[in-house]
Each structure stands twice: as structure tokens, then as C-alpha cells.
Amino acid sequence: MLPNKKALDLIKIYMEKDFTSKNLKELIKKLIESDLLVKTEDGTFTVRSEDPEELMHSRVGALTEGIEKFAVPSKVESIKNPKILDLCSGMGYNAVSALHYNINSEIDMVEYSKEMLFLSLALDIPIKEHFIVKNAISEFFKGNLNQKIRIFNEDARITLLRKDLKKYDYVFHDAFSPANDPVLYTVDFLKLIYETMTDSGVLISYSSSIPFRSALVNCGFIISEGPAVGRKRGATLAYKNPDEFQKKNIKRIPEADERLIALSTVGVPFYDKNLDLNSDEIIKNREIDRINLKNLLGNKCYSTTRIKAGKIDEKLLKIQNENLNSSEIIKKMKKIYFEY
Ligand SMILES: C[S@@+](CC[C@H](N)C(=O)[O-])C[C@H]1O[C@@H](n2cnc3c(N)ncnc32)[C@H](O)[C@@H]1O
């Protein structure tokens, strides 16, 4: 999924003009007048997406999200020279937030839409580190490389196959919601992320979707409940191989969600084996996988209502009382459920 087409078309017109502050200001004015650029509660701006009901950020604030959902929970300041993979970097709010907390961050920004990168040049994100991101984007438009902030203007599935990637301490995963656009939430894509992370690496996403968390467990991540910013449900933190300090911060996801991931067809993840399917194909394939699983389970298949209410076999329920993290619980429940 992409940002709103009318917004992209308007930005394209200004990309053809000189990059003067007069032109950039005029672009912002026109986007606001056409209700394509929307002011969030913290005063920073976001863009409507292809689905006019979905904004690129929550109403609580584009910058607030960057800070409270990504920079703070990742503890980006705790590493001297962190390497960050900023997926779906859009206007760069998350990159700017990370630099604010650690000026020595090395960031690889991955964004499909050239227009969103250009829009960052026209915005004034009220944090001084925005100038670092703006410089990198300006260099990108001139065809120059910036070693500290690299920009990959392509589908993230292509980026993850590159040979020149770093080993990342943090992966900011900020795609559109998986229900609308599951392309970057598949087991196959997340596996590539897993491989490109350092041992103590953390992936952070605002999404708490069941199939997404299920895919993370499937790939070997230890999942943890993150902060809820502007939404009811918490974000997701996914650790590769948490060290002792990280282990202390791991929080179980809601118990009903653990059961849904382990025992219900809602927990069937998305797949994209050759990393070339579109959203509709990925969604359709998952529906087929869900039907196949339901048939395979036959009479044993619990309804979602029973799973949510915890009306399941005592042997399975007891696993949730063990001193384990959510990923371990889900794997153990699954193993027992599918064995007998
Ligand atoms: C929810 S917005 C992210 C906002 C962003 N982090 C920011 O600070 O502005 C999602 C972004 O992902 C981009 N996108 C969508 N699909 C993509 C893909 N397959 N690869 C790379 N970027 C993608 C969209 O163009 C959009 O800018």
C-alpha cells in the first residue's frame, strides 16, 4: 500500500521544480488545503494513505510515535554506535527520533516512495536532528551517497536481499497495517530481518496483530508487549537472542493472544515464499491455509470464543502459569495441541 495518490501526484509536480524554500512552503500549503497533509495532536504532520481512513501515523502525533514507539523503547542511547534499519521510513520521523536520542546512530532508511522522502525536505520536524536526515535526503536526490544515513528507495523486500547490509542492533518496522498490506509481515520477509540482526538485536513495530506476532515466533524471535501509544493495544518488541538486561524487560503479551496464536486459525501467519506476491494474493493464500488447518484439526478445533475465554484443555491452560516468555509458551502449547 502507498500514501494517498493525490498527495503523491501533487508532490511529484513540486519535485520537478527547484528545491527552493518558497516552492517547498507552497507544496505544504497546498497539501494542507486539500486535506492530504493532516496535523496531528503534537503539531507534526502526517499524510493520508491510499485508504483515506488510514493515516500514516496515529492522531496522537507523528513525532510522538517516532519517539515513544521507536526511539525510547529501543533504548537506542544504550549502544555507542547503533546500527538501525528504518523500514518504511516515510518522512523520516523515526530516524530523526533515533538521532535525537543517539547522535551516533547509523541509519539505513528504506522507503518505497520517493515523494515521501521529498516531503521530508518540505517539513519542519521540530527536533534539530531533522537537518541530518534532510541533508542525507538532499544528497540522495543529487545522486550522492551518505555513509551515516543511507537511503534505499525501493521495496524493502529487495533491500533485505542486498549484500551490502549491516548487522542491525535495531529494526524499526513501520509498515501500513497488516490487515491492509501484509507484504512486510510475512514469515519469509521477517526471516530475512532476523538474519540481518545482531544477536542482541531488537525489532520494534507498532503492530500487535496476531498473524504478525505468530510469524515472529515462527522465525525464532522472543516477542514482548511494547508500549501502547495512541492505540488500545501495545506495540511489539521482538528480540533475537536477548541478553540478561533485555530479558528483564521482556513482558508477556496478553494471555488470550498467546492462546490465539498457538491454538486458533487466527494465528496462521502470512507467507510470501518468493517475496513477490501482492497484498491480495498473500491474504487469499492465508485464508486457504486457515481452511486447511481447520479441516486438519477436525473436531479438535476450538472456536475463537472458547480460546479467548480460556475454555480449553487444562493441560494447555496450565502452560500459561509456567515461568516462560510468550514465545516459549506459544511453542509449547502448539507442540502439545498438535501432538495429541
Ligand atoms: C505507516 S508509513 C510509515 C511512516 C514513517 N515511518 C514516517 O516516519 O513518516 C508506511 C510507509 O511505508 C512505505 N512502504 C509501503 N510499502 C513498502 C515497501 N514494500 N517497501 C518500502 N516501503 C514501503 C510507504 O510508502 C509509507 O511511506
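Quantities reported herein were computed from a predicted structural model and do not represent experimental measurements.

(A) The arrangement of the nonpolar core in detail. Counting residues in hydrophobic clusters, the biggest one holds 53 residues, and the most contacted among them are L27, L31 and L119. Setting aside its immediate chain neighbours within four residues, L119 contacts I11, L27, I28, L31, L37, V47 and M91.

(B) The packing of aromatic side chains, seen in detail. In the structure shown here, the tally under the stated rule is nine aromatic pairs. Between F70 and F172, the aromatic rings sit 5.3 Å apart at their centres with planes inclined by 55°, giving tilted as the arrangement. Of this pair, F70 sits in helix α3 (residues 62–74) while F172 sits in strand β6 (residues 168–173); the two residues are 102 residues apart in sequence, bridging distant segments of the chain. Overall, the relative accessible area of 0% leaves F172 in the buried class. Taking 5.7 Å as the distance between ring centres and 15° as the angle between the ring planes, the aromatic pair formed by Y302 and Y337 counts as stacked. Residue Y302 is found in the loop between α12 (279–297) and α13 (304–309), and its partner Y337 is found in helix α15 (residues 326–339); the two are separated by 35 residues along the sequence. An aromatic cluster of three or more residues is present, and its members are F19, F118, F140 and F141. The ring of Y194 has K240 lying over it, and the distance from NZ or CZ to the ring centre is 4.9 Å.

(C) Local environment of the environment of L293. Here L293 is to be found in helix α12. As a C-alpha pair, L293 and V133 span 160 residues in sequence and 46 Å in three-dimensional space. When near neighbours in sequence (up to four residues on either side) are disregarded, L293 contacts T265, V268 and F338.

Rules used in this analysis
- Residues numbered from 1 in each chain as written.
- Predicted model: local features only at pLDDT ≥ 70, side-chain atom pairs only at ≥ 80, totals over all residues.
- Heavy atoms only, no water.
- Core = buried A, V, L, I, M, F, W, Y, C linked by side-chain atoms within 4.5 Å.
- Buried < 20%, exposed > 50% of the residue type's maximum accessible area, 1.4 Å probe, protein only.
- Contact = heavy atoms within 4.5 Å.
- Phe/Tyr/Trp six-rings, centres within 6.5 Å; stacked < 30°, edge-to-face > 60°.
- Helix = DSSP H or I, 4+ residues; strand = E, 2+ residues; numbered from the N terminus.
- Lys NZ or Arg CZ within 6 Å of the ring centre and 35° of its normal.

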